[in-house]
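Letter by letter, the chains look like this.
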Amino acid sequence: MDPLPSRCAELASPSYTNFTISVVILVGILVSYLPQHYRIISLRSSFGISPYFVLLGTTSGTFAFANILVLPLSSQDVACCKAISGIACFAGLLGIFQAGAQWLCFFIILVLFVVYFPRATSATSPTHSAATDQREPTRRGKTSRLNAEPTYRTAQIVTFICIYHAIVVAIVSVVLSFTRPSALQAWADIMGILAAILASLQYFPQIYTTLRLRHVGSLSIPMMCIQTPGSFVWAASLAARYGMDGWSTWGLYIVTALLQGSLLFMAMYFEYISPKETRDDGEQTQTDAADGTHNHGTEPSEETPLLESP
């Protein structure tokens, strides 16, 4: 019997500690996104979620998943499954399963975002009607910000871009794997860098949206509480598996954890530390909406009395 290649021999005797941690991370990824999925579905609204956050997050996840798929080391791991046991094969492919699970879960957020995009309400408040925004200025004399807010068409464009991007990345990766396999490491590094850049930019539009609304909206705080420390653990697990050659894979999750932690702190501040200010803003918005509905169609004219009867 021919001896196993060094990589396959290494996978044939997996570290049970690292295997256990990797399984926990995989389950944690799946569980961590459930609160966000449930919150959007239960509220039947994706209010408060920036479309650019969804766009950057989905494209970043696509790059990250494709990055780990095309790594030459991943190809070796897949090839070793023909010579090692099923459990050892599963342990060796856990990094791929983790990246795939995260991409799938975020893609579900993309679908829920566009399905439950608030079309009947204002993009700045779940209690303020879009029609009221369109026909009346704010009380302080500021013009309506309707044109500056994302629309349902924006959500549709974001969805199209994400799907088109995933198809293009898949085609390029498959073509390179058959025509120029020697370029796969460079292509993986490029995608890892792009994924890190997009992940770094991903949270800025959401941080801006949450700061401007002073409300968490449909964002799930439990999801971020699980994912922020989990990203550091995941990065450490991937670093132990792929070493410095896989820096473009595990470095992404360190960047993500730092930025998501900032968003988590902001969300917890508006939700728990200073909720009164947020409630006051919502009550003011409700009052504006009620006044706009009451006054609609009763614009003053030459026949309007100066004093209205009580």
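- An unreviewed UniProt entry annotates the protein chain as PQ loop repeat protein originating from Byssochlamys spectabilis.

1. Brief notes about the overall build of the protein chain
Thought 1: Each helix and strand in the protein chain was counted, giving twelve helices and zero strands.
Thought 2: Helices and strands appear in the protein chain in the N-to-C order α-α-α-α-α-α-α-α-α-α-α-α.
Thought 3: A total of 310 residues make up the protein chain; the buried ones form 44% of that total.
Thought 4: Contacts in the protein chain between residues far apart in sequence, at least 24 positions, make up 85% of those at least 6 positions apart.

2. Brief notes about the packing of aromatic side chains
Thought 1: Under the counting rule described, the total for this entry stands at eleven aromatic pairs.
Thought 2: Judged by centre distance (6.4 Å) and plane angle (80°), the ring pair of Tyr-33 and Phe-106 falls under edge-to-face. Taken together, the positions of Tyr-33 in helix H2 (residues 16–43) and Phe-106 in helix H6 (residues 94–115) put the pair 73 residues apart, joining distant regions of the chain.
Thought 3: A relative accessible area of 4% means that Tyr-33 is categorised as buried.
Thought 4: For Phe-106, a relative accessible area of 8% gives the class buried.
Thought 5: Ring geometry for Phe-90 against Phe-97: centres 5.7 Å apart, planes inclined by 35°, an arrangement best described as tilted.
Thought 6: Three or more aromatic residues link up through ring pairs in this structure, and these residues are Tyr-33, Phe-53, Phe-106 and Tyr-203.

3. As for the packing of H6 against helix H10 (residues 221–242)
The description of two packed helices rests on the angle between their axes and on the distance between the axes.
Thought 1: Their axes nearest at 11 Å, the elements H6 and H10 cross at an angle of 145°. You can see that H6 and H10 cross each other, and the crossing is left-handed. Along its contact with H6, which presents Leu-94, Gly-95, Gln-98, Ala-99 and Gln-102, the element H10 presents Trp-234, Leu-238, Arg-241 and Tyr-242.
Thought 2: Looking at side-chain class alone, the contact of H6 with H10 contains five nonpolar, three polar and one charged residues.

4. Quick notes on the UniProt feature "transmembrane region" (unreviewed entry) in the protein chain
Thought 1: Feature annotation in UniProt places "transmembrane region" (unreviewed entry) on residues 16–35, 47–71, 83–116, 157–178, 184–204, 216–238 and 250–270, given in this structure's numbering.
Thought 2: Split by type, residues 16–35 is 100% helix and 0% strand. Its first and last C-alpha atoms lie 30 Å apart.
Thought 3: This span, residues 184–204, is 100% helix and 0% strand, and a straight line between its end C-alpha atoms measures 31 Å.

5. Focus: a nonpolar patch on the surface
Thought 1: A contiguous nonpolar surface patch, about 770 Å² in accessible area, is contributed by Ile-190, Ile-193, Leu-194, Ile-197, Leu-201, Phe-204, Met-244 and Trp-247.
Thought 2: Here the nonpolar patch gets six residues from one element, more than from any other, and that element is helix H9 (residues 184–213).
Thought 3: Along the chain, the position of Ile-197 falls in helix H9.
Thought 4: On the basis of relative accessible area, Ile-197 is assigned to the partly exposed category, the value being 43%.

6. Remarks on the state of the cysteines
Thought 1: A complete count under the given rule lists two disulfides for this structure.
Thought 2: Between the sulfur atoms of Cys-8 and its disulfide partner Cys-80 the distance amounts to 1.9 Å. Its torsion about the S-S bond being -80°, the disulfide of Cys-8 and Cys-80 is classed as left-handed. Note that Cys-8 is positioned in helix H1 (residues 6–12) and Cys-80 in helix H4 (residues 72–80), a separation of 72 residues in sequence.
Thought 3: A relative accessible area of 6% places Cys-8 in the buried class.

7. Things to note about H9
Thought 1: Taking 1.5 Å per residue as the helical rise, H9 with its 30 residues ought to reach 44 Å, and the 43 Å between its terminal C-alpha atoms agrees with that figure.
Thought 2: Arg-214 sits one or two residues past H9 and shows a positive phi near 55°.

8. A look at helix H8 (residues 152–179)
Thought 1: Taking 1.5 Å as the rise per residue, H8 with 28 residues should run 40 Å; its terminal C-alpha atoms sit 41 Å apart, in good agreement.
Thought 2: Taken together, the buried positions of H8 are Thr-154, Ala-155, Val-158, Thr-159, Cys-162, His-165, Ala-166, Val-169, Ser-173 and Leu-176.
Thought 3: As for H8, its buried residues are in contact with helix H3 (51–70), H6 and H9.

9. Remarks on the confidence of the model for the protein chain
Thought 1: Averaged over every residue, the pLDDT of the protein chain is 79; residues scoring 70 or more account for 76%.
Thought 2: Per-element mean pLDDT across the protein chain ranges from 46 in helix H12 (residues 275–295) up to 95 in H8.
Thought 3: A low-confidence stretch, residues 129–147 stays under pLDDT 50, and its non-local contacts, those more than four residues away or across chains, total 29 contacts.
Thought 4: For the stretch residues 282–299, pLDDT sits under 50, and the model shows 21 contacts to residues farther than four places along the chain or on other chains.

10. Some thoughts on the side chain of Thr-228
Thought 1: Relative to the assigned elements, Thr-228 resides in helix H10.
Thought 2: Residues within four places of Thr-228 in sequence aside, it is in contact with Ala-257, Gln-260, Gly-261 and Leu-264.

11. Some remarks on the nonpolar core
Thought 1: In terms of nonpolar packing, the biggest core is built from 69 residues, with Tyr-33, Ile-49, Met-191, Met-224, Leu-252 and Tyr-253 touching the most fellow members.
Thought 2: It is H6 that contributes the most residues to this core, eleven residues altogether.
Thought 3: When residues no more than four places from it in sequence are discounted, the contact partners of Tyr-253 are Ala-64, Ala-99, Gln-102, Ser-231, Trp-234, Ala-235 and Leu-238.

Thresholds, definitions, all that
Residues numbered from 1 in each chain as written. Predicted model: local features only at pLDDT ≥ 70, side-chain atom pairs only at ≥ 80, totals over all residues. Heavy atoms only, no water. Helix = DSSP H or I, 4+ residues; strand = E, 2+ residues; numbered from the N terminus. Buried < 20%, exposed > 50% of the residue type's maximum accessible area, 1.4 Å probe, protein only. Contact = heavy atoms within 4.5 Å. Phe/Tyr/Trp six-rings, centres within 6.5 Å; stacked < 30°, edge-to-face > 60°. Axes fitted to C-alpha atoms, helices over the stretch in contact; angles between N-to-C directions. Left-handed = near helix turned anticlockwise from the far one by under 90°. Nonpolar A, V, L, I, M, F, W, Y, C, P; charged D, E, K, R; others polar. UniProt positions renumbered as here; feature names shortened; annotations may be inferred. Patch = residues over 30% accessible without salt bridge, like charges linked within 9 Å, V, L, I, M, F, W, Y side chains within 5 Å. Areas by Shrake-Rupley, 256 points an atom, 1.4 Å probe, with all protein chains shown as cover. Salt bridge = Lys/Arg side-chain N within 4 Å of Asp/Glu carboxyl O. Disulfide = S-S within 2.5 Å. Expected span 1.5 Å × (residues − 1). pLDDT = per-residue confidence, 0-100. Core = buried A, V, L, I, M, F, W, Y, C linked by side-chain atoms within 4.5 Å.

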